[in-house]
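This is what each chain is made of:
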Amino acid sequence: MPKQIITLPNASTPIAPFVPGTLADGVVYVSGTLPFDSNNDVVYPGDAAAQTRHVLILIQQVIETAGGSLEDVTFNSIFLTDWANYAAINQVYAEFFPGEKPARYCIQCGLVKPDALVEIASIAHIGCK
């Protein structure tokens, strides 16, 4: 089965050569998603919770555009710039994944823009219902 590119209406042009998501064989792969607005500017500087919410809403939109929901997410990769933001990120994360949690990992690292505090990439299996 060929892959299908998943884009969002009114989305910004990515700052690197990638697309927001791809769908192949019932699996949605969501690219690393940063807290960017439509101009690729960081939203909510200094607020890890608000940035996490923004990122997860974008991820949700990509998965829903592909025909799935956050309940289909099986794995998340979380990148944060400071462990001091871990609790705030987890609090918002739990709002988006209230039931059975997907597998995940979380690492501290530098991100592409200094004001970005969190980046999340996801995998969702929407063809396995």
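Refer to the structure presented above.
Quantities reported herein were computed from a predicted structural model and do not represent experimental measurements.

### A word on the environment of alanine 87
Along the chain, alanine 87 turns up in helix H2 (residues 86-96). Distance in space between the C-alpha atoms of alanine 87 and alanine 49 is 8.9 Å, their sequence separation being 38 residues.

### Re the pairing of strand S6 (residues 118-125)
Counting buried residues along S6, six of its eight residues qualify, which places the element largely inside the surrounding structure. Here strand S4 (residues 73-80) pairs with S6 via seven bridges, running antiparallel. Each bridged residue has a counterpart across the sheet, and for isoleucine 78 the counterpart in S6 is isoleucine 120.

### Here we look at the nonpolar core
Residues Val28, Ile59 and Ile63 are the most contacted members of the largest nonpolar core, which totals 27 residues. Among the elements that line this core, the one with the most residues is helix H1 (residues 48-65), at six residues. If we ignore the near neighbours within four places in the chain, the residues touching isoleucine 63 are Val28, Val30, Gly68, Ser69, Leu70, Val73 and Ala124. Of all hydrophobic cores here, the second largest spans six residues; its members include Leu34, Phe36, Leu111 and Ala116.

### Some thoughts on the pairing of S4
S4 sits mainly inside the fold: six of its eight residues count as buried. The pairing of S4 with strand S5 (residues 103-108) spans six bridges and is parallel. Along S5, the bridge assignment pairs asparagine 76 with arginine 104. Assessed by its sense of winding, the connection that carries the chain from S4 through H2 to S5 is right-handed.

### Side note on a nonpolar patch on the surface
Together, Ile15, Phe18 and Val112 give the surface a local cluster of nonpolar side chains, amounting to about 260 Å² of exposed area. Considering the arrangement of structural elements, one finds valine 112 in the loop between S5 and S6.

### A closer look at the layout of surface pockets
Considering only enclosed or pocket space, the largest pocket measures out at about 450 Å³ in volume. Contributing to the lining of the largest pocket are 23 residues, with Ala11, Ser12, Thr33, Phe36 and Leu58 lying nearest its centre. Of all the secondary-structure elements, those providing two or more residues to the lining of the largest pocket are strand S3 (27-33) and H1. Ranked by the residues each element gives to the lining of the largest pocket, the list is headed by H1, at five residues. Residues that form the lining of the largest pocket fall into these classes: 13 nonpolar, nine polar and one charged. Lining the second largest pocket are Leu70, Glu71, Asp72, Val73, Thr74, Phe96, Phe97, Pro98, Gly99, Glu100, Lys101 and Pro102.

How each quantity is defined
Residues numbered from 1 in each chain as written. Predicted model: local features only at pLDDT ≥ 70, side-chain atom pairs only at ≥ 80, totals over all residues. Heavy atoms only, no water. Helix = DSSP H or I, 4+ residues; strand = E, 2+ residues; numbered from the N terminus. Buried < 20%, exposed > 50% of the residue type's maximum accessible area, 1.4 Å probe, protein only. Pairing = 2+ DSSP bridges. Core = buried A, V, L, I, M, F, W, Y, C linked by side-chain atoms within 4.5 Å. Contact = heavy atoms within 4.5 Å. Right-handed = clockwise from strand over helix to strand, strands pointing away. Patch = residues over 30% accessible without salt bridge, like charges linked within 9 Å, V, L, I, M, F, W, Y side chains within 5 Å. Areas by Shrake-Rupley, 256 points an atom, 1.4 Å probe, with all protein chains shown as cover. Salt bridge = Lys/Arg side-chain N within 4 Å of Asp/Glu carboxyl O. 1 Å grid on protein atoms, 1.4 Å probe; cavity = no way out; pocket = protein on both sides within 12 Å on 5 of 7 lines; lining within 4 Å. Points joined across faces, edges and corners; volume = space filled by probe spheres on them. Nonpolar A, V, L, I, M, F, W, Y, C, P; charged D, E, K, R; others polar.

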